[in-house]
Protein chains: 2
Amino acid sequence: MKRNDFSQWDCSLARTVDIIGDWWTPLILRDAARGVTTFEDFHQSLGVSRNTLTQRLNRLVEHGMLEKTLYSDRPKRYRYVMTAQGVDFVPVLMAMAAWGDKWIADTAPPFRVRHKTCGAEATARVVCACCEAPLALSDLEPLDEAA
Amino acid sequence: MKRNDFSQWDCSLARTVDIIGDWWTPLILRDAARGVTTFEDFHQSLGVSRNTLTQRLNRLVEHGMLEKTLYSDRPKRYRYVMTAQGVDFVPVLMAMAAWGDKWIADTAPPFRVRHKTCGAEATARVVCACCEAPLALSDLEPLDEAA
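Calculation rules
Per chain, residues are indexed from 1 in the order of the written sequence. Chain A is the first chain written and ligand 1 is the first ligand written, with later ones labelled in order. In keeping with the predicted nature of the model, local features appear solely for residues at pLDDT of at least 70, side-chain atom pairs appear and are counted solely at 80 or more, and the whole-chain, interface and lining totals rest on all residues. Strands here are runs of E lasting at least two residues and helices are runs of H or I lasting at least four, both read from the DSSP assignment and numbered beginning at the N terminus. Three exposure classes are used, all based on how many other C-beta atoms lie within 10 Å of a residue's own C-beta (placed from the backbone): buried at 20 or more, exposed at 12 or fewer, and partly exposed between those limits. Whether two residues are in contact depends on their C-beta atoms, placed from the backbone: they are in contact if these lie within 7 Å. The pLDDT score gives, residue by residue, the confidence of the prediction method on a 0 to 100 scale. Gly is put with the polar residues, along with every residue not named as nonpolar or charged; the nonpolar set is Ala, Val, Leu, Ile, Met, Phe, Trp, Tyr, Cys and Pro, and the charged set is Asp, Glu, Lys and Arg. In this description, strands pair whenever DSSP reports at least two bridges between them. Fitted lines through C-alpha atoms serve as axes, helices being fitted only where they are in contact, and the angles separating the N-to-C directions of these axes extend from 0 to 180 degrees. For classification purposes, angles smaller than 35 degrees are called roughly parallel, those larger than 145 roughly antiparallel, those between 65 and 115 roughly perpendicular, and all remaining angles oblique. By convention the crossing between two helices is left-handed if the near helix lies anticlockwise of the far one by an angle smaller than a right angle, and right-handed if it lies clockwise. When the copies are overlaid, the least-squares fit takes in C-alpha atoms only where the residue has pLDDT of at least 70 in both copies.

J.: I keep staring at the overall build of chain A and nothing clicks. Help me out?
T.: The secondary structure content of chain A amounts to seven helices and five strands. Going from the N terminus to the C terminus, chain A shows its helices and strands as α-α-α-α-β-β-α-α-β-β-β-α. Taken along its principal axes, the extent of the C-alpha atoms in chain A is 60 × 40 × 30 Å. A buried classification covers 36% of the 147 residues belonging to chain A. When contacts within chain A are restricted to residue pairs at least 6 apart in sequence, long-range pairs at least 24 apart make up 37% of them.

J.: Where do I start with the confidence of the model for chain A in this structure?
T.: Residue and element names in this part refer to chain A. Per-residue pLDDT for chain A averages 88, and the proportion of residues at 70 or more is 94%. Within chain A, helix α7 (residues 143-146) has the poorest average pLDDT of any element, 62, and strand β4 (residues 124-128) the best, 97. If you check the scores for this complex, the pTM reads 0.89 and the ipTM reads 0.89.

J.: Got a minute to help me understand the interface of chain B and chain A in this structure?
T.: Accessible area lost during the coming together of the parts is what is often quoted as the interface size. Across the contact, 70 residues belong to chain B and 71 residues belong to chain A. Mapped by element, the contributors of at least two residues to the side of chain B that touches chain A are α1 (12-20), α2 (25-33), α5 (84-87), α6 (90-103), β3 (113-115), β4 (124-128), β5 (140-142) and α7 (143-146) of chain B. Among the residues making up the side of chain B that touches chain A, the classes are represented as 45 nonpolar, ten polar and 15 charged. Relative to β3 of chain B, strand β5 (residues 140-142) of chain A runs antiparallel, the two being bridged by three bridges. Note on β3 of chain B: the bridge partner recorded for P142 of chain A is V113 of chain B.

J.: For this particular structure, what's the right way to read the pairing of strand β1 (residues 66-72) of chain A?
T.: Within a regular beta strand, the side chains point alternately toward one face of the sheet and then the other, so they alternate between its two faces. Residues and elements named next belong to chain A. With six bridges connecting them, β1 and strand β2 (residues 77-82) associate as antiparallel partners. The residue of β2 that forms the bridge with K68 is Y80. Following β1, the chain reverses through four residues before pairing antiparallel with β2.

J.: Even after reading the chapter, I still don't get unusual backbone geometry, so can you show me in this structure?
T.: With the exception of glycine, most residues fall at negative phi, and the peptide bonds are largely trans. Residues and elements named next belong to chain A. For the peptide bond that leads from R74 to P75, omega is -5°, which places it in the cis range. Looking at the secondary structure, you find P75 in the loop between β1 and β2. Even without a glycine there, the phi angle at E132 is positive, about 70°. On the secondary structure map, E132 appears in the loop between β4 and β5.

J.: What exactly am I supposed to notice about the environment of T123 of chain B here?
T.: Within the secondary structure, T123 of chain B is located in the loop between β3 and β4. A tally of 20 C-beta atoms within 10 Å means that T123 of chain B is categorised as buried. Here the alpha-carbon distance between T123 of chain B and W99 of chain B, two residues 24 residues apart in the chain, equals 9.8 Å. Residues within four places of T123 of chain B in sequence aside, it is in contact with A129 of chain A together with A98 of chain B.

J.: Whenever I open this one, helix α2 (residues 25-33) of chain A confuses me. Can you help?
T.: Count 3.6 residues to each turn of an α-helix, and residues three or four apart come out pointing the same way. Counting buried residues in α2 of chain A gives seven out of nine residues, a clear majority hidden from the surface. G35 of chain A occupies a position one or two residues after α2 of chain A and carries a positive phi of about 105°.

J.: For this particular structure, what's the right way to read the packing of α2 of chain B against helix α3 (residues 39-46) of chain B?
T.: Packed helices, taken two at a time, are described by their axes: the angle between them and the distance between them. Residue and element names in this part refer to chain B. For the pair α2 and α3, the least separation of the axes is 11 Å and the interaxial angle reads 120°. On the basis of their axis angle, the class for α2 and α3 is oblique. The crossing of α2 and α3 is right-handed. On α3, the residues touching L27, I28 and D31 of α2 are F42, S45 and L46. Looking at the contact of α2 with α3, its residues break down into four nonpolar, one polar and one charged.

J.: Would you take a moment to explain the relation of the copies chain B and chain A for this structure?
T.: Both copies of the chain are related by a screw-like operation: a rotation about an axis and a shift along it. With an axial shift of 0.0 Å and an RMSD of 0.0 Å, the rotation relating chain B to chain A amounts to 180°. The superposition operator between the copies reduces to a two-fold rotation axis. Residue V126 of chain B, judged by its C-alpha, is the member of chain B lying nearest the rotation axis, at 2.3 Å. With an isologous cut-off of 70% or more, the 100% of interface residues of chain B that recur at the interface of chain A puts this contact in the isologous class.

J.: Could you clarify how one ought to interpret the environment of G47 of chain B in this entry?
T.: Residue and element names in this part refer to chain B. Mapped onto the elements, G47 comes out in the loop between α3 and α4 (50-62). For G47, a count of 9 C-beta atoms within 10 Å translates into the label exposed. For the pair G47 and G100, spaced 53 residues apart in sequence, the C-alpha separation works out to 22 Å.

Here is the structure:
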């Protein structure tokens, strides 16, 4: 199935979705954030087919989320490490997971992390970069209407 | 192509991805957040095929993100309005878009919104719900290792 080419849409959400919008990709990024780097370890963690995993990893490399480096010459083996762009997407994944924990989980989160900055379990919250209040749809209005 | 059933994975990110992880769904939610409610308006906004749109809307209703109500009996016409669960996902979409604005956009954001709380243009930032510092991968560690 050929999908639409969202990468050309003039909308950052569409372009982001174009990179991460498939079922495996966010989970590959989750594993990369946990320190998984090799094809075999991604494969074992996710149980995804080798063919699909290859495609998704290559796509993430192509889009600048992961960097691929050779670490063994015979046999040829590569390591996949998050780029700064990929690392910067981790808080977005955490916001997605926090939403899921709130609305659709029926067990405790299996991957719990500590925020070293404060020592507490890290739970993501999305706030306004200006006033730092939590963002909520009811507090938003189109910018042009408000002008 | 039958995909895996992530809804049964014990991971909130996987379950979230199971609901929103396809290319059209986040954009449908974006439009719903902007006040689009009718099938025809979603169709016109996104240019998605009617068949795909029907499937995605039904899936979002089934998963509690949108509520479907009849507003015309002849012909039968429905309105799709965000539930509280759907509304609560909007900040996550905004975090995705803010990341895209930073890393992959080459034009100004086309859908700009004002945060009525402070009057500034709303840009999402993902912070720790406890200490309110911006979350970054480098400040995280597994909870069990830290114990």
